[in-house]
Amino acid sequence: MTTRTIRARDRPVFGVDVHSGDVRGDDPSYALVILDPVDEDDPDAPDADGPMARVTRDVVSFRKLCRLIDDREPLYVATDNAYELAANKNELVGFLRSLPDGTRLVQVTGAERPEPLSRVASRHGIPYGKKPMKEAEASARLAAANVGHEVTAFTDETRVKVSRGRSTGKGGWSQDRYTRRIHGNVRKRTRQVQSKLKEANLDFERDVTEKYGGYANATFAVEARPEDIPVSNSRAGDVRVEVERERRDGIEYEPLVRRRDRVIVGIDPGTTTAAAVVGLDGTVHALYSSRTADTAEVTEWIIEQGRPIIVAADVEPMPETVEKFRRSFDAAGWRPTTDLPVDEKLHRTREAGYDNDHERDALAAALYAYDDHEDQFDRIAAKTPPRLDREAVIAGVVAGGASVESVIADLSEDDGGSGGDGGDDADESDPTEPERTEEEETIRRLRERVERLESHAESLEDDLSERDERIAELEGELEEAKREERIEARSRRAVSRLERETDRLERERDEAREAVEELEGKVETLKELWRLDHSNFDDVAADRGLVSVKAVEQFTLDALEAADEAYGLVAGDVVYLRDASGAGRRTAERLAETEPRAVIRDGNLSDVADQVLFDHGVPVVPADAVPVREVDELAVADEATLEAAVDDWERRAERRRKAEKQEHLDRIISEHRAGRTLPETEE
């Protein structure tokens, strides 16, 4: 077992062994080892060379063990003997019934005739000790590596029963209505359960007992485990639902991993590595793909599926990665004469289910390799004696490159080499045996022939049974394919309906956009016509106590020229400077030449520009004092507010003029006094 084996699991594994006491006595205690999965992204996770899982050890009672199993819902509860958890078969069945859905009891030492735990642990490289805690840990690690057999008393069929949750009573004035209500609720719940089973694509058979007003009960025989069924035990009001697996006739042991023998493997390397395993009869066994797996992980997965005799690729030449896999398994290689086209791969894998294109390519390579060797397999099987393993002979011929006769001879020698002529050899080696008569020799030969024919008949019966199983499997796959086709057809119809709805909405959106563009054009035209019809906006604004304002983006020559070209700057205009900073003397003189009625500024004027406008008698008021309302290129201000701001400017301007005049007089007087003082000093 590798570190990867534990980390690949998302649920814990329990290992259990009797610590003290006897299961047939009172209150036995158990050594419990819990292997918790390790998240590689966890900063506290151990390195690959360190522990393979977080290990928890404890000694618990049977009751606490059952409580931990219910709380943690482990993947496996592993032990070296299932009857260490139950005194007899009935108690073991009860214990299996109490396990949570998805938790399996595993006997790691084998089936009905278990091996010693020490031998199994040694064979798989698991540390082993005789103490109960060591044995419990060895059992847990073996189960985590898929070693052992699942102990089961139930089939894969589950019975879901919907029945009355209360009695209909002995009678009364409302007995009929009461009974009808209960049976109606049972029928309603039955339909809900049936709908959920259909939505989960589960195969089931329904048996209904109809009563007055609805159903007395309904039973569903579902081909699935309880954890795969979207219905659970419940009881609400008039209805009760019970989910229970079907019992087997006895206790059975099923291997955790059913290893197949000789197989054909197709590999598609790349960023996503994919592998497909096909049996020597062309049956698809398993598919695998991963973006993060390395060569060792893919090799480990292939070994779990069987022993490859052919490793195939879908391109020519065979990629180096595929060649490495071929050499590691000492298998024969197969590749097409030219790269397999995508349409041919789709056609060859049409009956198989795969998750992505990489799995499809790997599967196509394996199936084409099988097609190329199918006749050879049949010829080898026809020449193989019934007593020999047909797949072993095929492996020796295909992978070993030997002839059929030499492989059969080698395998016959391994089996003892006596064959059908052992009687003659015995005669030659034993001179004391009396010579047979012709009649006795004929009888001997006929008996040997009968034995060979019986053996061949048994082989044919086995083949017939395999073919019947294959037919049943194919019929099941056909039904599944039909179901998937129906689901896909419904999906296609839904997609088509949504696509039509999307197209309709897109058309409506485009039409709306066109209408908006048309209306915007009309609005622009109306604005232009309005400006032409109301070139003197003062007449319109006067009726509402407003004054028109002509906005200038920035107090620069270019902005003034642009505004003049757009709507003209004439005497008596109210000009709004959105950005009054940065203007010089020339710009201010250009604005003063238009003789505006007033200038509304946003921002601070330079001292030069302010002096020029003041000298020309142009009132300059801040935008805070006269709010300007703008709509596109149109702007208005309140007439009364503007007049008040201009009056305020006039008052301040008068004071400023007086101050400047006083300053001018003071300067003249100072200069005059300075002129009189200078001549007296010279004298």
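Preceding block: the structure.
Residues numbered from 1 in each chain as written. Predicted model: local features only at pLDDT ≥ 70, side-chain atom pairs only at ≥ 80, totals over all residues. Heavy atoms only, no water.

### Considerations on the packing of aromatic side chains
Next, step 1: For the structure shown, the criterion picks out 6 aromatic pairs.
Next, step 2: A ring pair is formed by Tyr30 and Phe62, whose centres lie 6.1 Å apart and whose planes are at 50°; its orientation type is tilted. With a gap of 32 residues between them, Tyr30 in strand β2 (residues 29-36) and Phe62 in helix α2 (residues 62-72) connect regions that are remote in the sequence.
Next, step 3: Overall, the relative accessible area of 0% leaves Tyr30 in the buried class.
Next, step 4: Here Phe62 falls in the partly exposed class, since its relative accessible area comes to 30%.
Next, step 5: Centre to centre, the rings of Phe614 and Trp649 are 6.3 Å apart; their planes meet at 65°, and the pair counts as edge-to-face. Highlighted residues: Phe614 in helix α18 (residues 607-615) and Trp649 in helix α19 (residues 639-682), separated in sequence by 35 residues. One exposure class covers both Phe614 and Trp649, and it is buried.
Next, step 6: Here the aromatic cluster, defined as three or more aromatic residues joined through ring pairs, consists of Tyr30, Phe62 and Phe95.
Next, step 7: Here the basic side chain of Arg656 rests over the ring of Phe614, its NZ or CZ set 4.0 Å away from the ring centre. (Phe/Tyr/Trp six-rings, centres within 6.5 Å; stacked < 30°, edge-to-face > 60°. Helix = DSSP H or I, 4+ residues; strand = E, 2+ residues; numbered from the N terminus. Buried < 20%, exposed > 50% of the residue type's maximum accessible area, 1.4 Å probe, protein only. Lys NZ or Arg CZ within 6 Å of the ring centre and 35° of its normal.)

### Regarding the packing of helix α17 (residues 585-593) against α18
Next, step 1: Where α17 meets α18, the axes come as close as 8 Å, and the angle between the chain directions of the two elements is 30°. By the angle class used here, α17 and α18 are roughly parallel. Here α17 runs over α18; the crossing is right-handed. Contacts between α17 and α18 involve Arg585, Ala588, Glu589, Leu591 and Ala592 on the former and, on the latter, Val608, Ala609, Val612 and Leu613.
Next, step 2: Of the residues in the contact of α17 with α18, the class split is 7 nonpolar, no polar and 2 charged. (Axes fitted to C-alpha atoms, helices over the stretch in contact; angles between N-to-C directions. Parallel < 35°, antiparallel > 145°, perpendicular 65-115°, else oblique. Left-handed = near helix turned anticlockwise from the far one by under 90°. Contact = heavy atoms within 4.5 Å. Nonpolar A, V, L, I, M, F, W, Y, C, P; charged D, E, K, R; others polar.)

### A closer look at the nonpolar core
The nonpolar side chains of soluble globular proteins are, as a tendency, buried together.
Next, step 1: Formed by 31 residues in total, the largest nonpolar core has its most connected members in Ile264, Ile309, Ile310, Phe377, Val393 and Ile394.
Next, step 2: Only β12 (273-279), β14 (307-312), β15 (332-334), α10 (357-383), α11 (390-398) and α12 (404-414) provide two or more residues apiece to this core.
Next, step 3: Ranked by residue count, the leading element in this core is α10, at 11 residues.
Next, step 4: The residues contacting Ile264, other than those within four sequence positions of it, are Ala276, Val277, Val278, Gly279, Leu280, Ile310, Ala366, Ala369, Tyr370 and Phe377.
Next, step 5: The next biggest cluster of nonpolar side chains, apart from the first, holds 27 residues, and it includes Val16, Leu85, Leu92 and Leu99. (Core = buried A, V, L, I, M, F, W, Y, C linked by side-chain atoms within 4.5 Å.)

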